[in-house]
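Structural description and commentary
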Amino acid sequence: MIKEIQAKVLLSSARRPDPWFGIKYTMNLYRGCQHQCIYCDSRSECYQIENFADILIKANAIDLLRKELARKRIKGTIGAGSMNDPYMPLEARVNLTGRALSIIAEFRFPVHVITKSALVLRDLDTLREISREYAAVSFTVTTADDALGKKLEPGASLVSERFRAMQVLASNGVLTGVTMMPILPFIEDTQENITQIVTRAHECGAAYILPAFGMTLRDRQRAYYYDKLDELFPGLRRKYKERFGERYSASALDANKLDKLFHEWCARYGIATRMPMYAPAMGTQMRLL
Ligand code: SF4
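Quick caveat, the model's predicted, so the values are computed rather than measured. (Residues numbered from 1 in each chain as written. Predicted model: local features only at pLDDT ≥ 70, side-chain atom pairs only at ≥ 80, totals over all residues. Heavy atoms only, no water.)

Concerning the layout of surface pockets
Once rolled over the atoms, a probe with the size of a water molecule shows which space is left empty. Formally: Residues are called lining when one of their atoms sits within 4 Å of a cavity or pocket point, these points coming from a 1 Å grid over the protein atoms alone, where a cavity is a set in which a 1.4 Å probe fits but cannot get out and a pocket is an open set with protein on both sides within 12 Å along at least five of seven lines. Grid points are joined across faces, edges and corners, and a volume is the space filled by probe spheres set on the points. To qualify as a helix, a DSSP run of H or I must reach at least 4 residues; to qualify as a strand, a run of E must reach at least 2; elements of each kind are numbered from the N terminus. Residue classes follow a fixed rule: Ala, Val, Leu, Ile, Met, Phe, Trp, Tyr, Cys and Pro count as nonpolar, while Asp, Glu, Lys and Arg count as charged, and any other residue, Gly among them, counts as polar.
Here the largest pocket defines a volume of roughly 1000 Å³. Going through the elements one at a time, strand 3 (23-27), strand 6 (77-80), strand 7 (111-115), strand 11 (214-216) and strand 12 (249-251) are the ones with two or more residues in the lining of the largest pocket. Classifying every residue of the lining of the largest pocket gives 19 nonpolar, 16 polar and 5 charged.

In structure tokens form, the structure reads like this:
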């Protein structure tokens, strides 16, 4: 089901930018996500999304964004893509993200987009414009293999398409890299997978890769994931239960070894393993536009 809703507020503010991405303001233009990754944490009960397959479009998002940015006195990175993908297939028609980026460019705010879609290239010109302040596009890649990616992230662009989009952004001067998370235990936690992702990211101009060697497993998220394991990887549910029980955090096998290997390969290619964040001038206050 796809339906429009009216939101009361669009941007949620953090007291301090988060340590991973430096995000000060979180922007969700949709609720629910068409990519339907089998491991998605947004299904967890704490987010109160009853049916994650339902897509709610915040029809008044653009008006709200303009009003809210006009009132902001502290410039900080606006993050899109934490609870849903801002470039899910529906975005090609609705263009909420594209219009939001135009407003962000107008107000000269920095932005960080996380996506699994090559549709982001539609907004290349706007991202280039925002880059004068700061723009970063992180492509989530958990496997280098298209066929496996299609099983795990059925609604998203093929991994190879994400890498091609990364190459276009990088060659146009837009800061881009990889969020290599989650790395699923028993499925993606191989040395071969990690080195293939790093190599491909290097070839496509990634400036950074942020890894997480493992995944979360929480209430509804776990239930959905285990059902999908039964369908796609028979026998794995039992292995997960034996190894992780009711734990929230499910670490990749040999996570320390993988982490070491990952850092060696990133060093070899000169890829950062932390996000190059927006750095405002000391005491920056907003200009009145
Ligand atoms: S793209 Fe992100 S938000 Fe969407 S289903 Fe996948 S993990 Fe969840």
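Regarding helix 9 (residues 236-244)
Formally: Accessible area is worked out with a 1.4 Å probe on protein chains only. A residue is then buried under 20% of its type maximum, exposed over 50%, and partly exposed in between. Arc, as used here, means the arc of the directions from the helix axis to the C-beta atoms. Note on contacts: a residue pair qualifies if any of its non-hydrogen atoms lie within 4.5 Å across the two residues.
Within helix 9, the full set of buried residues consists of Leu236, Tyr240 and Phe244. All buried residues of helix 9 project into a common sector of 40 degrees when viewed along the axis, lining one side. Set apart from the buried face of helix 9 by more than 90 degrees, the exposed residues are Arg238 and Glu242. For helix 9, the secondary structure elements touched by its buried residues are strand 11, helix 8 (219-232) and strand 12.

Quick notes on the site of the ligand
Quick reminder of the rule: We call a residue near a given molecule or strand whenever any one of its heavy atoms falls within 4 Å of it.
Every residue near the ligand is listed here: Cys33, His35, Gln36, Cys37, Cys40, Phe52, Met83, Asn84, Asp85 and Lys116. Class assignment for the residues of the shell around the ligand results in 5 nonpolar, 3 polar and 2 charged.

Describing the nonpolar core
Cut-off, in case you're wondering: Working definition of a nonpolar core: buried Ala, Val, Leu, Ile, Met, Phe, Trp, Tyr and Cys residues. They are joined through side-chain atoms within 4.5 Å.
In this structure, Met27, Ile104, Ile187, Tyr225 and Tyr240 are the most contacted members of the largest nonpolar core, which totals 85 residues. Looking at which element gives the most residues to this core, the answer is helix 3 (residues 96-107), with 7 residues. Setting aside residues no more than four positions away along its own chain, Tyr240 makes contact with Leu184, Pro185, Phe186, Ile187, Met215, Leu217, Tyr225, Tyr226, Leu229 and Gly245.

Re helix 10 (residues 255-269)
Using the following cut-off: An expected span of 1.5 Å times one less than the residue number is assigned to each helix.
The terminal C-alpha atoms of helix 10, which comprises 15 residues, lie 21 Å apart, in line with the 21 Å expected from a rise of 1.5 Å per residue. Taken as a whole, helix 10 has its buried residues at Ala255, Leu258, Leu261, Phe262, Trp265 and Cys266. One side of helix 10 carries all its buried residues, which in axial view fall inside an arc of 130 degrees. Along helix 10, exposed side chains directed more than 90 degrees from the buried face belong to Asn256, Lys257, Lys260, Ala267 and Arg268. Looking at the packing, one finds that the buried side of helix 10 touches strand 9 (175-180), helix 7 (191-203), strand 10 (208-211) and strand 12. Downstream of helix 10 by one or two residues, Gly270 has phi in the positive range, about 70 degrees.

Description of the sheet that holds strand 6
The pairing of strands in a sheet comes from backbone hydrogen bonds and takes either a parallel or an antiparallel form. Applied cut-off: In this scheme, strands are said to pair when DSSP sees at least two bridges between them. For every element, the axis is a line fit to its C-alpha atoms; helices are fit only across the contacting stretch, and the angle between N-to-C directions ranges from 0 to 180 degrees.
The mixed open sheet is built from 7 strands, whose spatial order is 2-3-6-7-8-9-10. Across the chains shown, the open sheet's two edge strands, defined by having one partner strand only, are strand 2 (11-13) and strand 10. For this sheet, the mean inter-axis angle between neighbouring strands, taken without regard to orientation, is 25 degrees. Sheet topology places strand 6 next to strand 7; 3 bridges connect them, and they run parallel. The partner of Ile78 across the bridge, within strand 7, is Val111. Together, strand 7 and strand 8 (135-140) form the strand contacts of helix 4 (residues 124-131), whose direction differs from that of strand 8 by roughly 130 degrees.

Side note on the packing of aromatic side chains
The following threshold applies: In summary, the pairing rule links any two rings of Phe, Tyr or Trp, Trp by its six-membered ring, whose centres are within 6.5 Å, and it sorts them by plane angle into stacked for under 30 degrees, edge-to-face for over 60 and tilted for everything else. By the criterion adopted, a ring carries a charge over it if an Arg CZ or a Lys NZ lies within 6 Å of its centre and within 35 degrees of its normal.
Taken as a whole, this structure holds 10 aromatic pairs when the rule is applied. A centroid spacing of 6.3 Å and a plane angle of 40 degrees characterise the contact between Tyr225 and Tyr226, whose relative ring orientation is tilted. Grouping residues by exposure puts Tyr225 and Tyr226 together as buried. Taken together, the ring pairs in this structure connect Phe186, Tyr225, Tyr226, Tyr240 and Phe244 into an aromatic cluster. One Lys or Arg, Arg43, reaches over the ring of Tyr224 and ends 3.7 Å from the middle of that ring. Sitting above the plane of the Trp265 ring, Arg268 keeps its charged end 4.2 Å from the centroid.

Regarding the sheet that holds strand 5 (residues 55-58)
Ordered in space as 1-5-4, the 3 strands form an open sheet in which the pairing is mixed. Both outer strands of the open sheet, strand 1 (2-5) and strand 4 (30-31), are each paired with one neighbouring strand and no more. Examined bridge by bridge, strand 1 and strand 5 share 4 bridges and lie parallel to one another. Within the sheet, the bridge partner assigned to Lys3 lies in strand 5 and is Leu56.

As for unusual backbone geometry
Along the chain, Met181 connects to Pro182 via a cis peptide bond; the corresponding omega equals 0 degrees. When you line up the elements, Pro182 lands in the loop between strand 9 and helix 7. In this structure, Asn95 is a non-glycine residue whose phi angle is positive, near 60 degrees. Along the chain, Asn95 turns up in the loop between helix 2 (91-94) and helix 3. When its relative accessible area of 26% is taken as the criterion, Asn95 is described as partly exposed. Positive phi outside glycine occurs at Asp254, with the angle close to 55 degrees. Here Asp254 shows up in the loop between strand 12 and helix 10.

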